[in-house]
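# Results of the structural survey
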Amino acid sequence: MSFLYETHMHTCQGSACGRSTGAEQARFYHEMGYAGIIITDHFTGGNIAVPKDLPWRERIDRFCAGYEEALAEGQKLGLDVFFGWEQNYDGDEYLIYGPDKAWLLAHPDIEHWTRQRQLEEVHKAGGAVIQAHPFRNRDYIRYILLGLKYCDGIEVANTGNKPDFDLSAKHYAEAYGLLTTAGSDNHNCATANPALLMGVELPRRLESAFDYARMIRSRGPIRPVIPRGWLDVDVNAVPHTPSYWIDEDRRDLRRVPTGIDFLLPVDRQST
Ligand SMILES: [Zn+2]
Ligand SMILES: [Zn+2]
């Protein structure tokens, strides 16, 4: 018996780019046979739906509205609904699992945190940090930034990506032995293609977002769910994309280690 969870999704209440309500998303995933979902709306550094000039409490209340609606709907349906969020820095984005609304209310300085501070505080709270779609290359992303030091694992596949970005992520994960997850980054359940839904398959039901965070940090049995054929990309047809390590202490951005090109299979590094 296995249980399917969505790990990356948005609502129109929390995310400016979200198109479906929390309740619509909950109904959709229940129909799709998922055991549960984790709502990860865009937070303060990203495409959040809430104006910045409101008091912190109101900002967080409004930010959590999509999750709360999904939770209420999920309780009617028997779908687990957990809280998380997606924080953006410089195009590099992180999915946070574990801490809840009360924790956000108690940390109004969070929007000024560095990636390092984010990791430390989330760990202190018992949570986990996953770098979302690390090799996504879009017009809003100036360069690919790898936050290897600032996460507990990476999202190796994302429905919003092109498969070749995810092929790079797969080689990156293999080269560094990273824990991997997958997610649909679903903004609109009315147009989502059921055949391309992603997520993680777990051997048991989750009790909470902290439970999932513990599973990530203990490198528990998390199997990324990736549609068959998604990663069957001809690597030779994939254009080279410059990628950089993030090092907040050094404040410089350096090219990934000389000689490693994540757009090529790892076993071709030396050739
Ligand atoms: Zn979005
Ligand atoms: Zn997202």
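Just so we're clear, the structure is a prediction, and the values are computed from it rather than from any experiment. (Residues numbered from 1 in each chain as written. Chains lettered and ligands numbered in written order. Predicted model: local features only at pLDDT ≥ 70, side-chain atom pairs only at ≥ 80, totals over all residues.)

### Structural notes on the pairing of strand S5 (residues 128-132)
Among the five residues in S5, five count as buried, and that is most of the element. Alternating residues of S5 divide into Ala-128, Ile-130 and Ala-132 and Val-129 and Gln-131, and every residue in both groups is buried. One ladder, built from five bridges, connects strand S4 (residues 93-97) with S5; its direction is antiparallel. Residue Tyr-94 lies in a different strand from S5, and its bridge partner there is Gln-131. The pairing of S5 with strand S7 (residues 153-158) spans two bridges and is parallel. (Buried ≥ 20, exposed ≤ 12 C-beta atoms within 10 Å, placed from the backbone. Helix = DSSP H or I, 4+ residues; strand = E, 2+ residues; numbered from the N terminus. Pairing = 2+ DSSP bridges.)

### Looking at the sheet that holds strand S8 (residues 180-183)
Spatial strand order, S8-S7-S5-S4-S3-S2-S1-S9-S10: nine strands in an open sheet with mixed pairing. With partners counted over all chains shown, the strands left at the sheet margins are S8 and strand S10 (223-225), one partner each. Across the sheet, the mean angle separating the axes of adjacent strands is 30 degrees when strand polarity is ignored. In terms of strand pairing, strand S9 (residues 199-202) meets S10 through three bridges, oriented antiparallel. Note that in S10 the partner of Val-200 across the bridge is Pro-224. Taken strand by strand, helix H1 (residues 22-31) contacts strand S1 (3-6), strand S2 (36-42) and strand S3 (80-88), and its axis lies near 145 degrees from that of S2. Each of S7 and S8 is contacted by helix H6 (residues 163-176), which is oriented at about 150 degrees to S7, the strand it contacts most. (Axes fitted to C-alpha atoms, helices over the stretch in contact; angles between N-to-C directions. Contact = placed C-beta atoms within 7 Å.)

### Here we look at H1
Of the residues making up H1, those classed as buried are Gly-22, Gln-25, Ala-26, Phe-28 and Tyr-29. Taken around the axis of H1, the buried residues stretch over an arc of 165 degrees, which confines them to a single face. Against S1, S2, helix H3 (65-77) and S3 lie the buried residues of H1. Gly-33, located one to two residues past H1, shows a positive phi value of around 90 degrees. (Arc of directions from axis to C-beta.)

### As for unusual backbone geometry
Outside of glycine, negative phi angles account for most residues, and trans bonds account for most peptide bonds. Its identity is not glycine, yet Asp-185 carries a phi of approximately 55 degrees, on the positive side. By secondary structure assignment, the location of Asp-185 is in the loop between S8 and S9. Backbone geometry at Arg-219 places phi at a positive 50 degrees, although glycine is not the residue there. Looking at where Arg-219 falls in the secondary structure, it is placed in the loop between helix H7 (209-217) and S10. For Arg-219, a count of 12 C-beta atoms within 10 Å puts it in the exposed group.

### Focus: the nonpolar core
With 64 residues, the main nonpolar core has Ile-37, Tyr-97, Val-129, Ile-130 and Tyr-212 as its most contacted residues. Tallying contributions element by element places H7 first for this core, with five residues. With near-sequence residues (within four places) excluded, Tyr-97 lies in contact with Ile-38, Gly-84, Gly-127, Ala-128, Ala-209, Tyr-212, Ala-213 and Ile-216. (Core = buried A, V, L, I, M, F, W, Y, C linked by C-beta atoms within 7 Å.)

### Quick notes on the packing of H1 against H3
As a packed pair, H1 and H3 sit with axes 7 Å apart at the nearest point and diverge in direction by 40 degrees. The orientation of H1 with respect to H3, classified from their angle, is oblique. Handedness of the crossing formed by H1 with H3: right-handed. For the pair H1 and H3, contact is made by Gly-22, Ala-23, Gln-25, Ala-26, Arg-27 and His-30 and by Gly-66, Tyr-67, Glu-69, Ala-70, Glu-73, Gly-74 and Leu-77, respectively. (Parallel < 35°, antiparallel > 145°, perpendicular 65-115°, else oblique. Left-handed = near helix turned anticlockwise from the far one by under 90°.)

### Side note on the environment of Met-215
Along the chain, Met-215 turns up in helix H7. Considered as a pair, Met-215 and Leu-202 are 13 residues apart in the sequence and their alpha carbons are 9.6 Å apart. Among residues more than four places away in sequence, those in contact with Met-215 are Gly-220 and Ile-222.

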